[in-house]
Amino acid sequence: MARKTDRPSYRCSECGWSTAKWLGRCPECHAWGTVEEVGATPAVRTVPAGRVAQPAVPIGEVDGLAVAARGTGVPELDRVLGGGLVPGAVVLLAGEPGVGKSTLLLDVAAKAASATHRTLYVTAEESAGQVRMRADRIGAIHDHLFLAAETDLGSVLGQLDVVKPSLLVLDSVQTVASAEVDGAPGGVAQVREVAGALIRASKERGMSTLLVGHVTKDGAIAGPRLLEHLVDVVLQFEGDRHARLRLVRGVKNRYGATDEVGCFELHDEGITSLADPSGLFLTRRDEPVPGTCLTVTLEGRRPLVAEVQSLTVASQIPSPRRTTSGLETSRVSMMLAVLEQRGQISALGKNDIYTATVGGVRLSEPAADLAVALALASAASDTPLPKNLVAIGEVGLAGEVRRVTGVQRRLAEAARLGFTQALVPADAGGAPPGMRVLEVADIGEALRVLPARSPESSRREEVRR
């Protein structure tokens, strides 16, 4: 029997990295002052072979119907999960405070409850009365939805024996602690123990489990990275707290694809699925307005039509302002440089420039470059783009318009919403019925869609000068 000499061990409380000596800074997550002594390293012993509880069988004889997904009653969540919740699956939902995680999961718990499938909602952050008030507000009252306020892991496991639920919702995994493990709730040891115990209970009972997870200030899931490896599905809940749109994005999914995105709208009455969210990102007008351009972005597999707005005004300070919202500042700066050098638009450098998206959507993919450039050029010349026009394409520093993925899906979505014209890169493929597609090779060709400036626009420009 081999044995290893006991010695002190140190572990980072942020990421769980361990070492044999103390360090002031964790080399894994680069956090200062988080490496703490956790006691002696346990003795290493060989493990003898034990009795097999269930012999191995050919994979073709395994019953696959026993793990068929069951719908949650929330279509957009089912889309991201790959059809619904699989019995025994453990799902981790993470997001910033106040983004709507508890509201969404309480709605899921109520809609998934039935006479044959009980649901247990365990709140470790709020009282039962607070959760009841939210349930009244969003209409999440059901006879087979059970509510418990517990912070002890043993009590949570005891509730499972009493209720025998098909679905467990725990809000949140960082606030539940085990009396058998040292450390405060949310620590590495506690999170690992709580998650491990709930995963074992889920697999043994065939019970689906939804865990709420906190995030750090950088947006990463708090606690040990091991937590993400243990669970079956990791979902990220995103959204601007001042906007109605919420996105559930799959980060890891053992039962489906990870490129699906669910769209939700958060309002006073709760949270609802958005099967067609493009309307949130558009401003319907009778006449086109200078400085606006539409594009089609891909969120996972889903195409969404979004609007880019730009405004240029004469600067009153030596260094003009550059303000963006919903767009990457670096990409907007690149489009300004391309327009000035390749598009011969020299008025941009002396103006304050404001660029934003509508509805809280974030455009980070390069396919929105052409729409950003046209919106900036339209604002600088004070001439609107043609009505019902969408622009799709990546713009390089040499002024060329490059191809992007999913052009046909983007054009089909634009045509479905009634848009009749599109600017796309060369060799983009066929056009949907009823849509006129213009292929452009560089930014110079794209700028030709801007109409000639009217005398009224010229007079306004002279007044500003």
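On a predicted model such as this, the values are computed, not experimentally measured, just so you know. (Residues numbered from 1 in each chain as written. Predicted model: local features only at pLDDT ≥ 70, side-chain atom pairs only at ≥ 80, totals over all residues. Heavy atoms only, no water.)

*Asks:* Looking at this model, I keep getting lost on unusual backbone geometry. Mind explaining?
*Replies:* The phi angle of most residues is negative, glycine excepted, and most peptide bonds adopt the trans form. In this chain, Asp-171 is followed by Ser-172 through a cis amide linkage whose omega measures 5°. Along the chain, Ser-172 turns up in the loop between strand 7 (167-171) and helix 5 (188-205). (Helix = DSSP H or I, 4+ residues; strand = E, 2+ residues; numbered from the N terminus.)

*Asks:* Before we go on, may I ask you to explain the environment of Arg-416 in this structure?
*Replies:* Along the chain, the position of Arg-416 falls in helix 9 (residues 407-416). In this structure the C-alpha to C-alpha distance between Arg-416 and Gly-434, which are 18 residues apart in sequence, comes to 9.9 Å. A distance of 2.8 Å separates the side chain of Arg-416 from the side chain of Glu-413, its partner in a polar contact. (Polar contact = N/O pair within 3.5 Å; in protein donor to acceptor, adjacent residues only side chain to side chain.)

*Asks:* Looking at this structure, how should I read the state of the cysteines?
*Replies:* When the sulfur atoms of two cysteines share a covalent bond, that bond is a disulfide. In total, this model carries zero disulfides according to the counting rule given. Note on Cys-29: no disulfide assigned, nearest cysteine sulfur contributed by Cys-12 at a separation of 3.7 Å. (Disulfide = S-S within 2.5 Å.)

*Asks:* Help me understand the side chain of Glu-394, please; the structure alone is not making it clear to me.
*Replies:* Considering the arrangement of structural elements, one finds Glu-394 in strand 18 (residues 394-395). Setting aside residues no more than four positions away along its own chain, Glu-394 makes contact with Arg-331, Pro-366, Ala-367, Asp-369, Glu-400, Val-401, Arg-402 and Val-404. (Contact = heavy atoms within 4.5 Å.)

*Asks:* What should I look at first to understand the nonpolar core in this one?
*Replies:* Grouped burial of nonpolar side chains is what soluble globular proteins tend to show. Counting 44 residues, the largest nonpolar core has Leu-339, Leu-370, Leu-374, Leu-423, Ile-443 and Leu-447 as the members making the most contacts within it. Sorting the residues of this core by element identifies strand 10 (245-253), strand 11 (261-267), strand 14 (302-314), helix 7 (329-341), helix 8 (369-381), strand 17 (389-391) and helix 10 (443-447) as the ones contributing at least two each. Looking at this core, the element that brings in the most residues is helix 8, giving nine residues. With sequence-adjacent residues up to four places away left out, Leu-370 is seen in contact with Ala-391, Ile-392, Gly-393, Val-395, Val-401, Leu-423, Val-440, Ile-443 and Ala-446. Core analysis: the second largest hydrophobic core is formed by 32 residues, Val-108, Tyr-121, Val-131 and Ala-135 among them. (Core = buried A, V, L, I, M, F, W, Y, C linked by side-chain atoms within 4.5 Å. Buried < 20%, exposed > 50% of the residue type's maximum accessible area, 1.4 Å probe, protein only.)

*Asks:* Got a minute to help me understand a nonpolar patch on the surface in this structure?
*Replies:* A contiguous nonpolar patch, built from Val-57, Ile-59 and Val-62 and spanning about 320 Å² of accessible area, is present on the exposed surface. With respect to the helices, strands and loops of the structure, Val-62 is situated in the loop between strand 3 (35-40) and helix 1 (75-81). (Patch = residues over 30% accessible without salt bridge, like charges linked within 9 Å, V, L, I, M, F, W, Y side chains within 5 Å. Areas by Shrake-Rupley, 256 points an atom, 1.4 Å probe, with all protein chains shown as cover. Salt bridge = Lys/Arg side-chain N within 4 Å of Asp/Glu carboxyl O.)

*Asks:* Would you mind showing me how to read the confidence of the model for the protein here?
*Replies:* Reading predicted coordinates in detail is not appropriate for stretches of low pLDDT. Averaged over every residue, the pLDDT of the protein is 87; the share at 70 or more is 93%. For the stretch residues 1-5, pLDDT sits under 50, and the model shows eight contacts to residues farther than four places along the chain or on other chains. (pLDDT = per-residue confidence, 0-100.)

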